[in-house]
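Residues per chain, in single letters:
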Amino acid sequence: MSQVSADTIRDRVRAAGVVGAGGAGFPTYVKLAAKVDIFLINAAECEPMLKVDQQLMPQQAPRLIRGILYGMTATGATQGIIALKEKYQPAIEALTLLLPPQIRLHILPDVYPAGDEVITIWLATGRRVPPAALPTSVGVVVNNVQTVLNIARAVEQQYPVTRRTLTVNGAVRHPLTVTVPLGISLREVLALAGGATVDDPGFINGGPMMGGLITSLDTPVTKTTGGLLVLPKAHPLIQRRMQDDRTVLTIARTVCEHCRLCTDLCPRHIIGHELSPHLLVRAVNYQNVATPSTLLSALTCSECNVCESVACPVGISPMRVNRLLKAELRASGARYEGPLREADEMARYRLTPVKRLISKLGLRDWYQPAPMEEMSTEPSQVVLPLRQHIGAPATPCVRQGERVSRGQCIADVPLGALGVSLHASIDGVIASVTDQAITVVRG
Ligand code: SF4
Ligand code: SF4
């Protein structure tokens, strides 16, 4: 176990602005305040086009192990588990040599969504998180690889989060995985990959299943940017994301065959959650057929996208229907409370093999290795949004015209409030401070 105290670990992680790098952006120091028996590393990386964690693990294996030990000290966990896939052989080899007795590897099947933390916990420990509950309810804290590497840097060097590693993949000249300063634009990231190879490209922030549509390449890279996926605009993955809510609801209302395939393949449903997407689609068609509990169960949808991209034979998106329901329910302050039911006996076999997923998504022509490359990236300016995490936005503590250096705190969150600080990712001068973002110009 590490020699640093649990309090010091949490304080340094908070001061370094570490948040969940897997997408949610939950402040990590809060997770490290939980008391659990298992500290689980979600290294599944099951979105087919993303290649970050699987390459960081062999590259930084000693730091990853140290980060896990800090996490275990902070949470009191007696067991560390790194859940990863058999195909990540370089990672398995590098980590196996270094594993202390209290940390083990768990080999996950190559299925989607093995990286949905509720499913990762179930596959790696056999424990099932009840609907709407946190992993801590079953004695587990989950973090992804980049987050744990950031924990180690924060504790050992007290160095804040100023970089992000991401994959640029799909219709680009040189698919790659690269580490860039936070706040660099996606346009510059695309240029690092040699630009798009198609005339009319569309862009997804993250993987093909859960990534969102990018409407402007001026969007800056944040602590939670998943990756940059480039596809022809005519590709179904782009077209589906361009559908407006009205179209989504109209399709759901007109063509549902009530086959319930979406429910039979829903990862949350098969492990015993009430969530049944076919009933929610039915509910938007015939509002009187849904019980209040059925409607509220939309809040437990992980938006994994299996129901839309894998299950539905007629092009309905139960996920988007759920997202709309969730927005309404959250606005009214509603909460879901329901029991954990029996898991489907065939649950393990209902998860989608990644190879099949790549075909199903029409990605065979765009699937590339995207090797890790060291590149010097010196953007002339960076735009750092004040809200890159769940909780209160950071409050600027610098003024326009002030000189800052990389790693310097430029926005903070009051002690006691949920949130983390933000740091300059390059040396330069503060060009502007708004209620949304701070811009730093190199110089
Ligand atoms: S997106 Fe669909 S498949 Fe995934 S959890 Fe939600 S309802 Fe289930
Ligand atoms: S899979 Fe599609 S058609 Fe079948 S019940 Fe679900 S939404 Fe309806």
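Criteria and cut-off values
Residues numbered from 1 in each chain as written. Chains lettered and ligands numbered in written order. Predicted model: local features only at pLDDT ≥ 70, side-chain atom pairs only at ≥ 80, totals over all residues. Heavy atoms only, no water. Near = heavy atom within 4 Å. Nonpolar A, V, L, I, M, F, W, Y, C, P; charged D, E, K, R; others polar. Core = buried A, V, L, I, M, F, W, Y, C linked by side-chain atoms within 4.5 Å. Buried < 20%, exposed > 50% of the residue type's maximum accessible area, 1.4 Å probe, protein only. Helix = DSSP H or I, 4+ residues; strand = E, 2+ residues; numbered from the N terminus. Domains from an automatic or database assignment. Contact = heavy atoms within 4.5 Å. Axes fitted to C-alpha atoms, helices over the stretch in contact; angles between N-to-C directions. Parallel < 35°, antiparallel > 145°, perpendicular 65-115°, else oblique. Left-handed = near helix turned anticlockwise from the far one by under 90°. Salt bridge = Lys/Arg side-chain N within 4 Å of Asp/Glu carboxyl O. Expected span 1.5 Å × (residues − 1). Polar contact = N/O pair within 3.5 Å; in protein donor to acceptor, adjacent residues only side chain to side chain. Pairing = 2+ DSSP bridges.

Our focus in this paragraph is the site of ligand 2. Neighbouring residues of ligand 2: C256, E257, H258, C259, R260, C262, H278, C312, P313, V314, I316 and P318. Across the shell around ligand 2, the residue classes tally to 8 nonpolar, 2 polar and 2 charged.

Next up on the list: the nonpolar core. In this structure, M57, I82 and L95 are the most contacted members of the largest nonpolar core, which totals 58 residues. Residue contributions to this core peak at 8 residues, all from helix α4 (residues 61–75). The residues that make up this core include at least three from each of domain 1 (6–157) and domain 4 (381–442). The contact partners of I82, leaving out residues within four places of it in the chain, are I41, A43, M57, L64, I65, I68, L95, L99, I103, R104, L105 and H106. Core analysis: the second largest hydrophobic core is formed by 44 residues, L190, L192, I238 and M319 among them.

Angle between the axes and distance between the axes: these two values describe a pair of packed helices. Running from N to C, helix α10 (residues 245–255) and helix α16 (residues 318–331) point in directions that differ by 120°, and their axes come no closer than 10 Å. If you check the angle between α10 and α16, you find them oblique. Note that α10 runs across α16; the crossing there is left-handed. Residues D245, V248, L249 and A252 of α10 form the contact with α16, whose own contacting residues are R320, V321 and L324. Tallied by class, residues from the contact of α10 with α16 come to 5 nonpolar, no polar and 2 charged.

Counting through the fold element by element, M319 comes out in helix α16. On a C-alpha basis, the gap between M319 and L357 in space is 17 Å, while along the polypeptide they are 38 residues apart. Contact partners of M319, with chain neighbours within four places excluded, come to E303, N305, C307 and E308.

On to the pattern of salt bridges. Within the structure shown, the criterion is met by 15 salt bridges. Notably, a salt bridge pairs R268 with D116, separated by 2.8 Å at the nearest N-O pair. In this pair, R268 is assigned in helix α12 (residues 267–270) and D116 in the loop between β4 (111–112) and α6 (117–125), connecting sequence segments 152 residues apart. When its relative accessible area of 11% is taken as the criterion, D116 is described as buried. Salt bridges sharing partners connect three or more residues here, namely K85, K87 and D110.

Close contacts around ligand 1 come from 14 residues, with C266, C301, C304, C307 and N322 the closest. Counting only elements with at least two residues in the shell around ligand 1, the list comes to α12, α15 (306–311) and α16.

Turning our attention to the side chain of K51. Relative to the elements of secondary structure, K51 occurs in the loop between β1 (38–42) and α3 (53–59). Residues contacting K51, with those up to four places away along its chain left out, are E45, T167, T177, Y367, Q368, P369 and A370.

Moving on, we come to helix α7 (residues 145–157). The first and last C-alpha atoms of α7 sit 18 Å apart over 13 residues, in line with the 18 Å expected at 1.5 Å per residue. Counting buried positions over the 13 residues of α7 gives 10, a clear majority of the element. For α7, the set of buried residues is V145, Q146, T147, V148, L149, N150, I151, A152, A154 and V155. For α7, the N-terminal capping position is held by N144, with its side-chain oxygen 3.3 Å away from the main-chain nitrogen of Q146.

So, about the pairing of strand β17 (residues 428–433). Relative to β17, strand β14 (residues 403–404) runs antiparallel, the two being bridged by 2 bridges. Residue pairing across strands places V404 opposite G428, the latter belonging to β17. Where β17 hands over to strand β18 (residues 437–442), the hairpin turn is made up of 3 residues, counted between the paired strands.

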